[in-house]
Amino acid sequence: MTLDDARYIRQEVMAHNKWFEECIPMIASENLMSPLAKEMLISDFADRYAEGLPGKRYYQGNIFVDRVEEKATEMAKKLFKSDFADLRPISGTVANMAVLFAFAEPGDTITTCALAQGAHISTCEFGAFGQRAVRSVNYPFSVEDMNLDVDGTIKLLKKEKPKIAQFGLSVFLFPPPVKELKPTFDEIGCLVWEDCAHVLGLIAGGQFQKPFDDGIQIVSASTHKTFPGPNHGIILASNITEEQEKKIQKAVFPGVTSSHHLHAMAALAISLAEMDVFAKDYASQACKNARALGQSLHELGVPVLCPDLGFTRSHAIAVDVSQFGGGKECAQLLEDANIICNKNMLPSDTSAVRPSGLRFGAQEMTRIGMKEDDMKDVASFIARVVRKEDPKKVKEDVKAFKKNFTGIKYCFNEGEPAYGYHKLVE
Ligand code: DSN
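Residues numbered from 1 in each chain as written. Predicted model: local features only at pLDDT ≥ 70, side-chain atom pairs only at ≥ 80, totals over all residues. Heavy atoms only, no water.

Peer 1: Just to check I follow, could you spell out the site of the ligand for this structure?
Peer 2: Contacts to the ligand come from S29, H120, S170, H198, K225 and R359. Take K225: an N or O atom from its side chain is 3.4 Å from an oxygen atom of the ligand. In isolation the ligand has 230 Å² of accessible area, and contact with the protein removes 64% of it. The cavity that encloses the ligand is the second largest pocket. Split into classes, the residues belonging to the shell around the ligand amount to no nonpolar, 4 polar and 2 charged. (Near = heavy atom within 4 Å. Polar contact = N/O pair within 3.5 Å; in protein donor to acceptor, adjacent residues only side chain to side chain. Areas by Shrake-Rupley, 256 points an atom, 1.4 Å probe, with all protein chains shown as cover. 1 Å grid on protein atoms, 1.4 Å probe; cavity = no way out; pocket = protein on both sides within 12 Å on 5 of 7 lines; lining within 4 Å. Sits in = over half its atoms within 2 Å of the grid points. Nonpolar A, V, L, I, M, F, W, Y, C, P; charged D, E, K, R; others polar.)

Following this line, the structure appears as structure tokens:
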């Protein structure tokens with residue numbers, strides 16, 4: 001291999017940056033980090049190791065790492081109003097594995113949502129839950145409400161008496177009815193855990209759900225979806241014992257991590273500080289944008305799930321494109337028009353590869369300054385593409401539209417280029 005190979009890689013990465021500058025980003029699980037947070041990723045923290053907890057490390061050289069981790073842990077507890085935080089999981093799935101390692105033995109029963117109803121892959125038989133060999137039992141689901149069927153769920157919980165009741169979705173339109181289920185949790189004495197990855201930034205901004213007030217004890221999440229931080233993970237907890245907190249810490253290290261990507265942890269700390277200031281406005285705008293997008297698509301005759309419920313209470317909407325060729329075909333055509341989203345299973349689907357739905361998230365569009373009125377333009381681009389107008393033609397309009405949204409918002413360096421990093425390295 002030669003320098004040319006390295007040049008090739010840099011060029012491809014820069015080309016990707018440039019491309020995204022011209023795209024409408026609508027993947028519900030992605031976001032843009034702030035420039036200040038991104039800077040942490042190229043700090044010396046990226047080259048170092050830390051194992052264990054601050055003050056009790058296996059390696060020397062962690063004086064400043066310890067200070068950052070201690071401060072960041074306090075910031076997370078304050079922002080999410082939790083008693084406990086562990087910022088060492090290196091992703092959402094690793095956070096989920098740590099919770100499983102801490103509290104579930106092979107053969108234990110855990111109640112969860114089903115994949116076709118929008119659950120995350122880590123809770124499936126072929127994901128982390130399966131790897132831990134737990135017995136996963138799915139809640140009954142109301143397709144009309146895109147949420148759990150409360151009466152059926154109470155019955156299921158009483159029958160199965162799970163060790164853990166687990167919640168959380170990747171098509172997360174409405175908050176789970178945890179408050180209504182709380183008396184049943186208390187009756188059977190299960191641990192209550194929610195994977196809040198998709199809605200963490202909304203929770204930070206006081207939208208969607210107040211998990212710990214509702215009765216959730218453990219929150220696991222990735223930190224780069226609605227929460228606009230680095231690719232990383234977090235575990236938060238309240239109303240658990242000190243012994244249970246220690247179990248989580250041990251499960252994180254040495255259970256499922258060695259070092260914990262210190263540069264990402266520092267970036268997460270910056271994002272926590274920024275969200276303490278900006279999350280309220282950002283989260284409420286992201287939810288308003290999602291509903292406005294749903295309304296505009298609905299008016300254009302593109303079926304959006306849950307019209308009678310206002311489409312969503314989160315940043316995301318689910319769209320049924322079965323009459324337009326299905327999710328796979330539509331997602332590809334939209335990419336050809338520089339609109340980036342993903343195909344998604346809807347509750348009636350049996351195939352994850354050829355599903356009938358699309359999932360759209362409004363959080364990244366919000367991060368670059370789009371408001372409700374802009375959702376009308378976005379919806380019209382989508383409708384034109386799924387109705388088979390030439391995507392190349394739509395792409396030109398998308399590129400022109402996107403030129404109005406080049407700066408990042410809801411962060412300390414507001415207005416700096418949202419996709420500007422390629423300019424620094426060219
Ligand atoms: N794969 C992510 C999503 O798109 O929902 C979750 O990790």
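Following the structure, the description resumes.
Peer 1: It is not clear to me how the side chain of D108 should be interpreted in this structure. Could you clarify?
Peer 2: Relative to the helices and strands, D108 is located in the loop between α4 (92-103) and β5 (109-112). Within polar-contact distance, the side chain of D108 engages the backbone nitrogen of E105 at 2.7 Å. Leave out the neighbours within four places in its chain, and D108 touches F103, V134, R135 and K163. (Helix = DSSP H or I, 4+ residues; strand = E, 2+ residues; numbered from the N terminus. Contact = heavy atoms within 4.5 Å.)

Peer 1: Honestly, empty space enclosed by the protein in this entry has me stumped. Any pointers?
Peer 2: Counted according to the given criterion, the structure contains 1 cavity of 30 Å³ or more. In this structure, the largest cavity occupies an estimated 40 Å³ of space. Residue lining of the largest cavity: C113, N147, L148, F167, G168, L169, F172, F174 and P176, and that is the complete set. Across the lining of the largest cavity, the residue classes break down as 7 nonpolar, 2 polar and no charged. (Points joined across faces, edges and corners; volume = space filled by probe spheres on them.)

Peer 1: Looking at this structure, how should I read the environment of K158?
Peer 2: Tracing the backbone through its elements, the reader meets K158 in helix α6 (residues 150-160). Sequence spacing of K158 and I188 is 30 residues, and the spatial spacing of their C-alpha atoms is 7.0 Å. In this view, K158 contacts T184, E187 and I188; residues no more than four positions away in its chain are not counted.

On their own, these measurements won't tell you what the molecule is for.
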